Amino acid sequence: MQHVHSFAAGQWIAPGAGARSIASAITGDVIADAGNDALDVQAMLAHGRDVGGPALRAMTFHDRAKMLKALALHLREHRTALYDLSYDTGATKSDHQIDVDGGIGTMLVYASKGRRDLPDAHVYLDGVPEQLGRAGAFMGQHICTPLQGVAVHINAFNFPVWGMLEKLAPTLLAGLPAIIKPATATCYVTEACVRLMLDSGLLPVGALQLVSGGLGDMLDHVDCQDVVTFTGSADTALKLRGNANILSNSVRFTAEQDSLNASVLGPDAVPGTPEFDLFVKEVQREMTAKAGQKCTAIRRIMVPQAQEQAVIEAISARLANVTIGDPRDAATGMGALVSAAQKRDVLDKAAAIGAEATRVFGDPDDFAMSGSKGAFVPPMLFHCADPDTATRVHDTEAFGPVSTVMGYRDLDHAIALLNRGQGSLVASVITHDGDVARAVAKGAGAFHGRIYFNNRDSMAEATGHGAPLPHMVHGGPGRAGGGEELGGSRAVMHYMQRTAIQGSPDILTAIGNRWVPGATEHADKPHPFTRVYGDLELGDTFNSPSREITLDDIETFAHFTGDTFYAHMDDAAAKANPFFPGRVAHGYLLLSFAAGLFVQPDPGPVLANTGLDNLRFMKPVQAGDSIKVRLSVKLKTPRNDEYGEVRWHVTLTNQDDEQVAEYELLTMNAF
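What you are looking at is a predicted structure, and each value in this text was computed from that prediction instead of being measured.

Here is what the cut-offs are and how they apply
- Residues numbered from 1 in each chain as written.
- Predicted model: local features only at pLDDT ≥ 70, side-chain atom pairs only at ≥ 80, totals over all residues.
- Heavy atoms only, no water.
- Helix = DSSP H or I, 4+ residues; strand = E, 2+ residues; numbered from the N terminus.
- Phe/Tyr/Trp six-rings, centres within 6.5 Å; stacked < 30°, edge-to-face > 60°.
- Buried < 20%, exposed > 50% of the residue type's maximum accessible area, 1.4 Å probe, protein only.
- Lys NZ or Arg CZ within 6 Å of the ring centre and 35° of its normal.
- Pairing = 2+ DSSP bridges.
- Axes fitted to C-alpha atoms, helices over the stretch in contact; angles between N-to-C directions.
- UniProt positions renumbered as here; feature names shortened; annotations may be inferred.
- Parallel < 35°, antiparallel > 145°, perpendicular 65-115°, else oblique.
- Left-handed = near helix turned anticlockwise from the far one by under 90°.
- Contact = heavy atoms within 4.5 Å.
- Nonpolar A, V, L, I, M, F, W, Y, C, P; charged D, E, K, R; others polar.
- Salt bridge = Lys/Arg side-chain N within 4 Å of Asp/Glu carboxyl O.

Novice: Pulling in residues and values, what's your account of unusual backbone geometry?
Specialist: If you check the backbone angles, K290 has positive phi at about 55° while not being a glycine. By the element assignment, K290 lies in the loop between helix 9 (274-288) and strand 14 (300-304). We note that Q422 has phi near 60°; this positive angle belongs to a residue other than glycine. Here Q422 is to be found in the loop between helix 13 (411-419) and strand 18 (427-430).

Encoded structure:
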């Protein structure tokens, strides 16, 4: 018997009054208990706000990203223990890998994105500065800073590890502490994962807390600096969303809930094509992975009317080859539902669907595990002959291995059926026809958080209909909850406040730790290319001498590179162009000469030129004009213990001090 603890205000708390029993999904025997009505939820919130929050906010984005990477690698070393615990949830080893490895992989992606997409700073700059005054002395900039509260994550039973880590990673990266509340049925797996993270010593005190069991009245005490996220049923989401305290304090609330996800077989994907076989495989996998207990599983199957019978036969044949049983057995292809209560719910929902559709595969009263005390059900495939008049197949989610085939007349009909779900996390379309894909994206995009297209070209690399990836948004409109998670660095912003700041270029530079044109320049120091990374300061500037551009320069560059575009070689043709006064210098000639004007040629701290960004040409340069360069340190980002990246703001001006080009140069500089 396992006693699942909570971790509250720095202390492990054993189950107490109000504890609930947890049964094995395999045997039905009680294996654990969890819950304690005596948790001091206000102390937990205060601990996160007053201890965990300041510690996380003292770290930069890069510091927190490094912490995430170390946590993920630590979990990877100990994942076998999580696998072993997960069998009693009814999941197979491949299901554990989706959950455990998927969660660890998501954390690693956020660690990488934190280093690559976010600054080594405490403030995130959202967009570019806006010039608000005519002379550029008054400017504006949007910034994002961490909220100063706590994120309360209320998670579902089906992914006790991934469901936690996919929310926790961007939360911690943003600098916000978290209180995790897993579903009680599988909280023993989450508790083990939380213990691993806390025991690693990698997290600041107060950054992570755990509620095993009920939250009590915690949501009655959250405020405008807190965030509440929920994954689960629409009914529970509605109840939580309507909490008076959440409403009165405008607490951020994100829900990811019921979703009637669908998959469409394109009109071109007839039997015998790779797309037809791929479609059948995807449906079978989504019906049986995690015993269909996935928020992204395929619930509705839309096929051309001419292919209904072929699809039913093909899916049924694949389902017949799935072995249902004890998930600890390597031969098992699908395990049990998470609990007896979940089994009752799935059977009740399947019966409701059965009132409008015919079950064509899977009899829960007659299959190999029908006499088991575990929460086993077979995959059940239905056929709805009249999806236009049906309602239950479009609004009832049996959260298990249950799906319904329905035919469509044409693509517009398929799109209409897709949208009958009134908002889903994902829709998939298996087609090799770009016109079909475009039509579905235009017609159904507004109703779906993600649309997954797959065919013979992408199938070898595609991750599957039901696999949310950390790089892409996970969430959906309407019935799916109207929320949004993941999506790369977008997820981090959900735990930060966007603020518009206004002031002088020097003030914006100081706040954002990024030099803004118009801010103070330091031009009285040695050449910046002769100074190591640590000696460079924002605004350090080098002003080059001038160089005259000759006609011979232009012609030599043209013949040497092969770029004999008429604007550089034919004066009459160039004058006929509204952009040119006559023959002009190549833009890349100007860049080459600019490098010659600012580069310090001797070996030194500059190790490599790694590229340029945001190049613009503002004014043509003709033979006889002169150019000079201003090179300023705009941003510094450490990359490792040996070197860091320097972003330089580069402007080229002519003999009249008119700007002719602008870009950002990237170099790697030794410490």
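Moving on from the coordinates now.
Novice: So, the packing of aromatic side chains: which residues are in play, and what are the values?
Specialist: All chains considered together, the criterion is met by 8 aromatic pairs. Ring centres 5.7 Å apart and planes at 70° place the aromatic pair F159 and W162 in the edge-to-face group. Residue F159 is classed as buried on the basis of its relative accessible area of 8%. Here W162 falls in the buried class, since its relative accessible area comes to 9%. What links up through ring pairs into an aromatic cluster is the set F529, F598 and W648. If you follow K290 out to its NZ or CZ, it ends over the ring of F159, 4.9 Å from the centre. Between the NZ or CZ atom of K636 and the centre of the ring of Y533, over which it lies, the distance is 4.5 Å.

Novice: I'd like a rundown of the pairing of strand 8 (residues 151-154), residues and numbers included.
Specialist: Taking every second residue as pointing to the same face, both faces of strand 8 are buried, with A151 and H153 on one and V152 and I154 on the other. Across 4 bridges, strand 8 lies against strand 9 (residues 178-181) in parallel orientation. Bridge pairing in strand 9 links H153 to I180. Across 4 bridges, strand 8 lies against strand 11 (residues 227-231) in parallel orientation. Note on strand 11: the bridge partner recorded for V152 is V228.

Novice: Provide a residue-level description of the sheet that holds strand 6 (residues 124-131), including the pertinent values.
Specialist: Across the sheet, which stays open at both edges, the 3 strands sit in the order 6-7-22 with antiparallel pairing between neighbours. The strands lining the two open edges of the sheet, one partner per strand, are strand 6 and strand 22 (496-503). Taking each pair of neighbouring strands and ignoring which way they run, the sheet shows an average axis angle of 20°. Where strand 7 (residues 139-146) lies against strand 22, 8 bridges are found, and the strand directions are antiparallel. Bridging from a neighbouring strand, G140 pairs with Q502 of strand 22.

Novice: Which residues make up the UniProt feature "domain: Aldehyde dehydrogenase" (unreviewed entry) in the protein chain, and what values do they have?
Specialist: The feature "domain: Aldehyde dehydrogenase" (unreviewed entry), as annotated in UniProt, sits at residues 23-499 in this numbering. As annotated, residues 23-499 comprises 37% helix and 18% strand, and the C-alpha atoms at either end are separated by 48 Å.

Novice: Which residues make up the UniProt feature "domain: MaoC-like" (unreviewed entry) in the protein chain, and what values go with them?
Specialist: Within the UniProt annotation, "domain: MaoC-like" (unreviewed entry) is assigned to residues 539-647. Between the C-alpha atoms that bound residues 539-647 there is a distance of 11 Å. The span itself is 29% helix and 32% strand.

Novice: Could you give me a rundown of the packing of helix 2 (residues 61-77) against helix 4 (residues 93-117), with the residues and numbers involved?
Specialist: Running from N to C, helix 2 and helix 4 cross one another at 155°; their axes reach a closest spacing of 8 Å. Here helix 4 runs roughly antiparallel to helix 2, going by the angle between their axes. As helix 2 packs across helix 4, the resulting crossing turns out to be left-handed. Judged by residue contacts, H62, A65, K66, L68, K69, L71, A72, L73, L75 and R76 of helix 2 engage I104, M107, L108, Y110, A111, G114 and R115 from helix 4. In the contact of helix 2 with helix 4, the residues fall into 11 nonpolar, 2 polar and 4 charged.

Novice: Describe in detail the sheet that holds strand 4 (residues 20-23), supporting the description with residues and values.
Specialist: Backbone-to-backbone hydrogen bonds join strands into a sheet, with any given pair of strands oriented parallel or antiparallel. With mixed pairing, the 3 strands of this open sheet are ordered in space as 1-5-4. Two strands bound the open sheet, and with one partner strand each, they are strand 1 (2-4) and strand 4. Averaged over all pairs of adjacent strands, the angle between strand axes in this sheet comes to 30°, irrespective of strand direction. Sheet analysis places strand 4 next to strand 5 (residues 30-34), joined by 4 bridges and oriented antiparallel. The residue of strand 5 that forms the bridge with A23 is V30. Packing against the sheet, helix 6 (residues 187-199) makes contact with strand 1, strand 4 and strand 5, and its axis sits at approximately 70° to strand 1.

Novice: Provide a residue-level description of the pattern of salt bridges, including the pertinent values.
Specialist: All told, the structure shown has 31 salt bridges when counted by the stated rule. Measuring nitrogen to oxygen at the nearest pair gives 3.4 Å for the salt bridge that ties D101 to R79. Remark: R79 occurs in helix 3 (residues 79-86) and D101 occurs in helix 4; sequence separation between them is 22 residues. What makes D101 partly exposed here is its relative accessible area of 25%. Between R328 and D326 there is a salt bridge, with its nearest N and O atoms 2.9 Å apart. Taken together, the shared-partner salt bridges in this structure form one network comprising K525, R531, E537 and D540.

Novice: Let's hear about the packing of helix 13 against helix 14 (residues 434-444): which residues, and what values?
Specialist: It is at 10 Å that the axes of helix 13 and helix 14 come closest, and there the two elements cross at 40°. Between helix 13 and helix 14, the angle falls in the class oblique. Like other packed secondary-structure pairs, helix 13 and helix 14 cross with a definite hand, here right-handed. In this structure, helix 13 uses L411, I415, L418 and N419 to contact helix 14, whose residues at the interface are V436, A439, V440, G443 and A444. Here the residues of the contact of helix 13 with helix 14 sort into 7 nonpolar, 2 polar and no charged.

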